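The lines below spell out each chain.
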There are 2 protein chains.
Amino acid sequence: MLRNVTRAAARSVRGHASAATHAPETTGGSVSVAAKYYPNEPKGPSLITESVPGPKLLAANDHLGSVFDNRAAYFVTDYYNSVGNYIADADGNKLLDVYCQISSIPLGYNNPELYAAATSPEMASALVNRPALACFPQLDYAGILEEGILAAAPPGMTKVWTALSGSCANETAYKAAFMYQAAKARGAMDFTDEELRSVMLNKAPGSPDRAILSFEKGFHGRLFGSLSTTRSKALHKLDIPAFDWPVAPFPELKYPLKEHVRENAAEEERCLAEFEEIVASHPPGYIAAIIVEPVQSEGGDNHASAAFFHGLRQITRKHEILMIVDEVQTGVGALGKFWAHEHWNLQDPPDMVTFSKKFQAAGFYFSDPNLQPSQPYRQFNTWCGDPSKAILAKAIYQEVQKNNLVERTATTGDYLYKELEGLAEKYQDNILNLRGENFGTFIAWDCESPTHRNELLLKMRAAGVNIGGCGERSVRLRPSLVFEPSHANVFLNALEHAFHI
Amino acid sequence: MLRNVTRAAARSVRGHASAATHAPETTGGSVSVAAKYYPNEPKGPSLITESVPGPKLLAANDHLGSVFDNRAAYFVTDYYNSVGNYIADADGNKLLDVYCQISSIPLGYNNPELYAAATSPEMASALVNRPALACFPQLDYAGILEEGILAAAPPGMTKVWTALSGSCANETAYKAAFMYQAAKARGAMDFTDEELRSVMLNKAPGSPDRAILSFEKGFHGRLFGSLSTTRSKALHKLDIPAFDWPVAPFPELKYPLKEHVRENAAEEERCLAEFEEIVASHPPGYIAAIIVEPVQSEGGDNHASAAFFHGLRQITRKHEILMIVDEVQTGVGALGKFWAHEHWNLQDPPDMVTFSKKFQAAGFYFSDPNLQPSQPYRQFNTWCGDPSKAILAKAIYQEVQKNNLVERTATTGDYLYKELEGLAEKYQDNILNLRGENFGTFIAWDCESPTHRNELLLKMRAAGVNIGGCGERSVRLRPSLVFEPSHANVFLNALEHAFHI
């Protein structure tokens, strides 16, 4: 999937940047955290090969393809020479990165404080002596959790179960939900003989006919349970058997929001009503839980208002359905709150919140002790998480706090959104349905068509910016938490340039 | 689940060990690799608290329980003070470990060569700059794979797809199998409109009614697809929805093998015939693949002969079903071959081999290019593996090769098995159905009842040996690859002592 772009485009964007409409050194008046972490961070992209991909990249990619599926590769990366917001390819080209490993680099490349954690004695032990955490927990695991993952817990959450990826975090949350509902239905009774027998044949009642409800265009992972709740794209799901679980509509809002207030409220009401109808059309207890993203990310950066999520919480409470909020992509600060769902100000918190990606560690938060099944070894596997990732999560959380990176991202996002709003007026065919206002740097827009979108991504790469898409025709911004107004300016100049080539 | 055992038992086993029937310094005539790695490894267990669990362990476990489900905890572990074959608990007690984090510690605790890998610059970068490997593969990933995971590839395997855990390795292999069979059935045609539409609702034909067949008592993981193939224990499966996939019988062999040659051959024939009947009772193509362990580990260390696995390969070929060998627990040397299925000498290798645990890295090997789906982004997720684990796998592989640890484990296993055979004659009620001859240290036996087994595990811990069970009433040995005859002697003395308390 590597496509050739010429260097001419990059050369001219540098020319363009020097006559910048977006002032390159604006930092919003505060000291740059990026400059503190990365004194040698480039001031802009540098493309040094005649064309991108260059010769070293192509050779490395051919080599990799002989042993590993590399057909989704954007480019082969030199991580040692990547720095801060800039990612280096195999040929030494350096691109401003607003995609960040599909939204999973929290503090930029080669962050010195994460290096300190990665080279600590506790990290070395965690790697070499990887524990089966549920059977032989390490002496300091509670402390690592308390100073990191749990210190960052969303409002109302007091416990965590750790996992390895977003898919795995969601699936363990689903298991907790299914065991919770079965225990509630069973009451004080023990498992019946019929349950014990039928479950070994994957039949009811031991393997019950219960479901997780998800929303159209939602993305929750790629393993068999999570993929059954993923509704993003056919290509993600084709040919893989799936559980016949229900799906509900997710609002399709119109933009700009302030011009469609009544229409959007009606759309959300319609979706809530249809959701409740779907719930009511199934036997009580059949839907164990719903799972929903604060912003449907992979599915196209689809937003809904706080009112919609309040509605979901009310309906799930009414029907005794658990509510799982999937913060795998939205969590850890990018939306100007540590957890995106804090924007909702729910009085009654979700039952579980899942995380992964930028936190490096994965898992789900909860507080109801009934979400721990009745017996040990039911929510269980060999490793039950990975202390090496929990140590990184702790360092990430502490750096985020120390440097106010959530607030800073909110400020940068406000600036970026406002500038993009200006560009959207100027280039009305190029930036459609701009969204993410007041949501930090978690910003997206639509292009006229999938083709236009894909072309724009390539033009941006030619202009020295690594950027990703989502949905059918959307562009999503997913920079790290050390993306500042000065980086936003580099980005905005490249974008405006791209609209001219 | 922490149970109290008194120190008296441990004191007396030390006395017992000093009058050892099993000579403590036997190393099979070769230089000890354990001594090279671990000059300070204890010569035997040391229990220093009045009772186990001791006060620090209990306090640490209470603390942990307030934030993390610790009900399956054997004990809280001090990994910093664990060394080689000895695991230290929170109070400083040191136990010989023949369980090794549920069979996932390859070279002992705090191995110096793994420390070198864990503190290398490439490890620090892999941790801090974790790549989305399919989109932004790192420049040296092909090399890391080639010098590690792929250098260790089973016969006939040339490629790998990396994952994060055994469950995830198996599920990605299942996805490869489903996409392979769908592509074969579809031929040169593209996806139909009906497939594209139906798949978004989790319905056929887009979400097809196909299956993975597994075997009674098999264990393949705990996520939704893998759990649907797991048939070990009801408690692993209860209350979790499952795919209605078929299960076939696995031979129940009688021991000693040499006294039941004809009977066991007949049992395997019966299982193969029943397996083929199950296959024939479904439409062609319905069963995409089978998955089978070389030794059913979690399910009770159930063995079958090479002839049985040859039969499976023949029948799967005949019916165009893929064969996945799950080497998550059996792989990486413990059976006296790097991969357990090498014992079968198959001319026609399996289609996929999955791995995790002792390799730290996880994934599946394959060679048929059609096991890479037709388009990118189908076998895909954010990280697609973890270079930090691939770097460890490389170091593990190189140490195993350099020190002939597979051959050494075969030798130690032969010694250990022979001694256990002697004990089984002497203590006929205590060691039933001893198994694992010629399979390195991958040895198990049955106790009279689940209660006797559980008591024995506790007595062994009181005697300073950490040991695990499997199945209903089995004890399984899963020491690391630096478990040598001298360690076997410590173990044997403790075991014989435990039979007397």
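Residues numbered from 1 in each chain as written. Chains lettered and ligands numbered in written order. Predicted model: local features only at pLDDT ≥ 70, side-chain atom pairs only at ≥ 80, totals over all residues. Heavy atoms only, no water.

An unreviewed UniProt entry annotates chain A as 4-aminobutyrate aminotransferase of Candidozyma pseudohaemuli. Checking UniProt for chain A, the heading Catalytic activity (unreviewed entry) contains the comment "4-aminobutanoate + 2-oxoglutarate = succinate semialdehyde + L-glutamate". (UniProt positions renumbered as here; feature names shortened; annotations may be inferred.)

Q: Can you walk me through the overall build of chain A in this structure?
A: What chain A contains, in helices and strands, is 16 helices and 18 strands. For 501 residues, the compact-globule estimate of 2.2 N^0.38 gives 23 Å, and the C-alpha radius of gyration of chain A, at 23 Å, lies within 12% of that figure. Expressed along its principal axes, the backbone C-alpha trace of chain A runs to roughly 75 × 55 × 45 Å. For chain A, long-range pairs separated by at least 24 residues make up 75% of all intrachain contacts whose partners lie at least 6 apart in sequence. For chain A, the exposed surface amounts to about 16700 Å²; the carbon and sulfur share of it is 53%. Taken together, the 46 basic and 57 acidic charged side chains of chain A have centroids lying 3 Å from each other. (Helix = DSSP H or I, 4+ residues; strand = E, 2+ residues; numbered from the N terminus. Rg over C-alpha atoms; globule rule 2.2 N^0.38 Å. Contact = heavy atoms within 4.5 Å. Areas by Shrake-Rupley, 256 points an atom, 1.4 Å probe, with all protein chains shown as cover. Lys, Arg positive; Asp, Glu negative; His and termini not counted. Charge placed at Lys NZ, Arg CZ, Asp CG, Glu CD.)

Q: Would you mind showing me how to read the sheet that holds strand β7 (residues 247-248) of chain A here?
A: Across a sheet, strands are paired by hydrogen bonds formed along the backbone, either parallel or antiparallel in direction. If you trace the seven strands from one edge of the open sheet to the other, you get β5-β13-β12-β11-β8-β6-β7 (chain A), paired in mixed fashion. Looking along the sheet, the strands with just one partner apiece sit at the ends: β5 (159-163) and β7 of chain A. (Pairing = 2+ DSSP bridges.)

Q: For this particular structure, what's the right way to read the domain arrangement of chain A?
A: Where interface size is given, it is often the accessible area lost as the parts come together that is meant. Residues and elements named next belong to chain A. Segmenting chain A into domains produces domain 1 (33-110 + 405-500) and domain 2 (131-385). Of the residues lining the interface, 28 residues belong to domain 1; the matching set on domain 2 comes to 23 residues. Here domain 1 packs against domain 2, burying approximately 2000 Å² in sum over the two surfaces, 56% of which is carbon and sulfur. With its nearest N and O atoms 3.9 Å apart, the salt bridge here joins K258 to E437. Counting every contact that joins domain 1 to domain 2 gives ten residue pairs in polar contact (both at pLDDT 80 or more). Listing elements by their share of the side of domain 1 that touches domain 2, those giving two or more residues are α4 (100-103), α14 (405-426), β14 (432-435) and β18 (474-476). Here the side of domain 1 that touches domain 2 gets four residues from one element, more than from any other, and that element is α14. Broken down by class, the residue content of the side of domain 1 that touches domain 2 amounts to twelve nonpolar, ten polar and six charged. (Domains from an automatic or database assignment. Buried area = accessible area lost by both parts, 1.4 Å probe. Salt bridge = Lys/Arg side-chain N within 4 Å of Asp/Glu carboxyl O. Polar contact = N/O pair within 3.5 Å; in protein donor to acceptor, adjacent residues only side chain to side chain. Nonpolar A, V, L, I, M, F, W, Y, C, P; charged D, E, K, R; others polar.)

Q: Help me understand the state of the cysteines, please; the structure alone is not making it clear to me.
A: A covalent bond bridging the sulfur atoms of two cysteines is what the word disulfide describes. Residues and elements named next belong to chain A. Tallied over the entire structure, the rule returns zero disulfides over all chains. Of all cysteine sulfurs, the one in C135 lies closest to C384, which takes part in no disulfide; the gap is 7.4 Å. The class of C384 is buried, set by a relative accessible area of 0%. (Disulfide = S-S within 2.5 Å. Buried < 20%, exposed > 50% of the residue type's maximum accessible area, 1.4 Å probe, protein only.)

Q: Help me understand the packing of helix α6 (residues 121-128) of chain B against helix α13 (residues 387-402) of chain B in this model?
A: Pairs of packed helices are described in terms of their axes, by the angle between the two and the distance that separates them. Residues and elements named next belong to chain B. Orientation of α6 relative to α13, taken along the N-to-C sense of each, is 155 degrees, at an axis distance of 8 Å. Classed by the angle they form, the pair α6 and α13 counts as roughly antiparallel. Side by side, α6 and α13 meet where E122, M123, A126 and L127 of the first sit next to P387, S388, I391, L392 and K394 of the second. The class makeup of the residues in the contact of α6 with α13 is six nonpolar, one polar and two charged. (Axes fitted to C-alpha atoms, helices over the stretch in contact; angles between N-to-C directions. Parallel < 35°, antiparallel > 145°, perpendicular 65-115°, else oblique.)

Q: How should the interface of chain B and chain A be read in this particular structure?
A: Taken together, the contacts link 126 residues of chain B with 125 residues of chain A. Summed over both partners, the interface of chain B with chain A buries about 11500 Å², with 64% contributed by carbon and sulfur atoms. Counting the surface chain B buries against chain A, the share from its top three residues, F68, F136 and D239 of chain B, is 8%. Scanning the region where chain B abuts chain A turns up eight salt bridges. Note that D239 of chain B is salt-bridged to R186 of chain A, the shortest N-O span being 2.6 Å.

Q: I would appreciate a short explanation of the sheet that holds strand β17 (residues 468-470) of chain A in the present structure.
A: Residues and elements named next belong to chain A. Strand order in the open sheet formed by four strands is β14-β15-β18-β17, and the pairing between neighbours is antiparallel. A single partner strand is all that each edge strand has here, and the edge strands are β14 and β17. On average, each strand axis in the sheet is inclined to that of its neighbour by 25 degrees, with strand direction left out of account.

Q: Would you explain the packing of aromatic side chains in this entry?
A: Given two aromatic rings, one states the distance between the centres and the angle between the planes to describe the pair. Per the counting criterion, the structure on display carries 67 aromatic pairs over all chains. Between the aromatic rings of F215 of chain A and F275 of chain A, the centroid separation amounts to 5.8 Å while the plane-to-plane angle is 45 degrees, which identifies the pairing as tilted. Note that F215 of chain A is positioned in strand β6 (residues 211-215) and F275 of chain A in helix α11 (residues 261-280), a separation of 60 residues in sequence. Side by side, F215 of chain A and F275 of chain A carry an identical accessibility label, which is buried. In this structure, R435 of chain A is placed above the aromatic ring of Y255 of chain A, and the distance from its NZ or CZ to the ring centre is 6.0 Å. Seen from the ring of W383 of chain B, R130 of chain B lies directly overhead, with NZ or CZ sitting 3.8 Å from the centre. (Phe/Tyr/Trp six-rings, centres within 6.5 Å; stacked < 30°, edge-to-face > 60°. Lys NZ or Arg CZ within 6 Å of the ring centre and 35° of its normal.)

Q: I'm lost on the nonpolar core in this one. Help?
A: Grouped burial of nonpolar side chains is what soluble globular proteins tend to show. F359 and Y365 of chain A together with F359 and Y365 of chain B are the most contacted members of the largest nonpolar core, which totals 244 residues. Judged by nonpolar contacts, the second largest core, of 32 residues, contains V98, L434, L457 and V465 of chain B. (Core = buried A, V, L, I, M, F, W, Y, C linked by side-chain atoms within 4.5 Å.)

Q: Looking at this model, I keep getting lost on the relation of the copies chain B and chain A. Mind explaining?
A: Superposing the two chain copies requires a rotation about an axis and a translation along that axis. Mapping chain B onto chain A calls for a rotation angle of 180 degrees and an axial translation of 0.0 Å; the resulting RMSD is 0.0 Å. Seen this way, the second copy is the image of the first under a two-fold rotation axis. Looking at chain B, 99% of its interface residues are interface residues in chain A too, so the copies touch through the same face. (Least-squares fit on C-alpha atoms with pLDDT ≥ 70 in both.)

Q: Help me understand the pattern of salt bridges, please; the structure alone is not making it clear to me.
A: Opposite charge on two side chains permits pairing when their charged atoms draw close. All names here are of chain A. If you walk through the whole model with that rule in mind, you get 49 salt bridges over all chains. Its salt-bridge partner being R313, residue D351 comes within 3.0 Å of it at the nearest N-O pair. Of this pair, D351 sits in the loop between β11 (322-326) and β12 (352-355) while R313 sits in helix α12 (residues 306-318); the two residues are 38 residues apart in sequence, bridging distant segments of the chain. The burial state of D351 is the same as that of R313; both residues are buried.

Q: How should I be thinking about the side chain of E195 of chain B in this particular structure?
A: In this fold, E195 of chain B is placed in helix α9 (residues 193-198). Owing to a relative accessible area of 11%, E195 of chain B belongs among the buried residues under this scheme. Setting aside its immediate chain neighbours within four residues, E195 of chain B contacts L238 of chain A together with R186, D190, P205 and G206 of chain B.

Q: Just checking my understanding: could you explain helix α12 (residues 306-318) of chain B for this structure?
A: Because the α-helix completes a turn every 3.6 residues, residues three or four places apart line up on one side. Residue and element names in this part refer to chain B. Under the 1.5 Å per step criterion, the end-to-end length of α12 is 18 Å for 13 residues, consistent within 8% with the ideal 18 Å. Three or more residues of α12 are buried, namely F308, F309, G311, L312, R313, I315 and T316. Residues of α12 that are buried make contact with β6 (211-215), α11 (261-280), β8 (287-292) and β11 (322-326). Directly after α12, the chain includes E320, whose backbone phi takes a positive value near 55 degrees. (Expected span 1.5 Å × (residues − 1).)

Q: Help me understand unusual backbone geometry in this model?
A: That bond from A204 of chain B to P205 of chain B is cis: its omega, 5 degrees, falls within 30 degrees of zero. By secondary structure assignment, the location of P205 of chain B is in the loop between α9 and β6. Residues Y255 of chain B and P256 of chain B are joined by a peptide bond in cis, for which omega reads -5 degrees. With respect to the secondary-structure elements, P256 of chain B resides in the loop between β7 (247-248) and α11. Notably, K357 of chain A is not glycine yet its phi reads approximately 40 degrees, a positive angle. Checked against the element boundaries, K357 of chain A lands in the loop between β12 and β13 (362-366). Even without glycine at this site, Y377 of chain A takes up a positive phi of about 70 degrees.

Q: Whenever I open this one, the pairing of β8 of chain B confuses me. Can you help?
A: The two faces of a sheet get side chains in turn, since along a regular strand they alternate between them. All names here are of chain B. Buried residues dominate β8, accounting for six of its six residues. Here β6 pairs with β8 via three bridges, running parallel. Bridging across to β8, A211 finds its partner in I287. Alignment of β8 against β11, held across four bridges, turns out to be parallel. Bridging across to β11, A289 finds its partner in L322.

Q: What's the story with the confidence of the model for chain A in this structure? I'm lost.
A: Close inspection of predicted coordinates is inappropriate for parts of the model with low pLDDT. Residue and element names in this part refer to chain A. Of all residues in chain A, 94% have pLDDT values of 70 or greater, and the mean over the chain is 94. In this model residues 5-20 is a low-confidence stretch, pLDDT under 50, and it forms 31 contacts with partners more than four residues away in sequence or in other chains. pLDDT under 50 marks residues 24-28. Its contacts with residues more than four places away, or in other chains, come to ten contacts. (pLDDT = per-residue confidence, 0-100.)

Q: Teacher, can you tell me more about helix α15 (residues 450-462) of chain A here?
A: All names here are of chain A. Taking 1.5 Å as the rise per residue, α15 with 13 residues should run 18 Å; its terminal C-alpha atoms sit 19 Å apart, in good agreement. Taken as a whole, α15 has its buried residues at R453, L456, L457, L458, M460, R461 and A462. Two residues or fewer past α15, G464 is found with a positive phi of approximately 90 degrees.

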